[in-house]
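Each chain, written out:
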Amino acid sequence: MSEIRIAAETRSEFGKGAARRARRAGFVPGVVYGHGHAPVHLNLPGHDLMMALKTPNALLVVPIEGKDEYVLPKAVQREAIKRTIEHVDLLLVKRGEKVTVEIPVLTEGELAPGGNLLEHVLNSLPIEAEATHLPESVTVSVEGLESGASVLAKDIVLPAGVTLAVDADAVVLQVIGAQAAPAEDAAAEAEGTEA
């Protein structure tokens, strides 16, 4: 995953009024914490941050006290209706450090014929990997899977250096057979439509 550089300014004003002024000026208030450092309060450019956060687990590079630091988004607060970013919590990480994140589970291929449905038991997979080498997603082939089949976490092929942060026997995907109406219910419905 490539790193995304974002220009940020240290902020010295706090509270709702200061946050509103920052948002009106096109900035998103944020805080960086981790590694035993005192929290650092920042204003980040709203549009640049929104574009960066379209990538899951985006590795951001922000200037903190004159030095570029790696950070990962930990919590993003959005406005309920417009879905604009209101505030972001960022976790300070170091090169080579292992972090636990969740990556989206994508599927490819067609299920076996017969009207089967694919259920995503886990939409994202918890993994542990180096902070500067996080995969964006994991793709699972469901080609030819029949009703009753399931894909466990241990069955998913992960990139080198990535380990599971969930029980290996956890069900990630399962195939559900098409639900057919019982024959007597169908006959009763047919009689009801004739009358």
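To start, this report covers the structure provided alongside it. (Residues numbered from 1 in each chain as written. Predicted model: local features only at pLDDT ≥ 70, side-chain atom pairs only at ≥ 80, totals over all residues. Heavy atoms only, no water.)

Brief notes about the side chain of Asp89
Item 1. Within the secondary structure, Asp89 is located in strand 7 (residues 85–93).
Item 2. Within the buried core, Asp89 has no salt-bridge partner, and the shortest N-O distance to an opposite charge, that of Arg11, equals 7.4 Å.
Item 3. Those residues in contact with Asp89, other than ones at most four positions away along the chain, are Val31, Tyr33, Leu72, Pro73, Lys74 and Ala75. (Helix = DSSP H or I, 4+ residues; strand = E, 2+ residues; numbered from the N terminus. Buried < 20%, exposed > 50% of the residue type's maximum accessible area, 1.4 Å probe, protein only. Lys, Arg positive; Asp, Glu negative; His and termini not counted. Salt bridge = Lys/Arg side-chain N within 4 Å of Asp/Glu carboxyl O. Contact = heavy atoms within 4.5 Å.)

Description of the sheet that holds strand 8 (residues 98–108)
Item 1. The strand order 11-8-10-13 describes an open sheet built from four strands, whose pairing is mixed. Here the strands that pair on one side only, and so sit at the sheet edges, are strand 11 (138–141) and strand 13 (163–164).
Item 2. The sheet contact formed by strand 8 and strand 10 (residues 124–130) spans seven bridges and is antiparallel. Paired with Lys98 across the bridge in strand 10 is Glu130. (Pairing = 2+ DSSP bridges.)

Let's talk about the environment of Ser147
Item 1. Note that Ser147 resides in the loop between strand 11 and strand 12 (150–152).
Item 2. Residue classification places Ser147 among the partly exposed positions, given a relative accessible area of 46%.
Item 3. Each C-alpha atom of the pair Ser147 and Gln179 lies 11 Å from the other, and the pair is 32 residues apart in sequence.
Item 4. If sequence neighbours within four positions are ignored, Ser147 has contacts with Asn116, Val175, Ile176 and Gly177.

On their own, these measurements won't tell you what the molecule is for.
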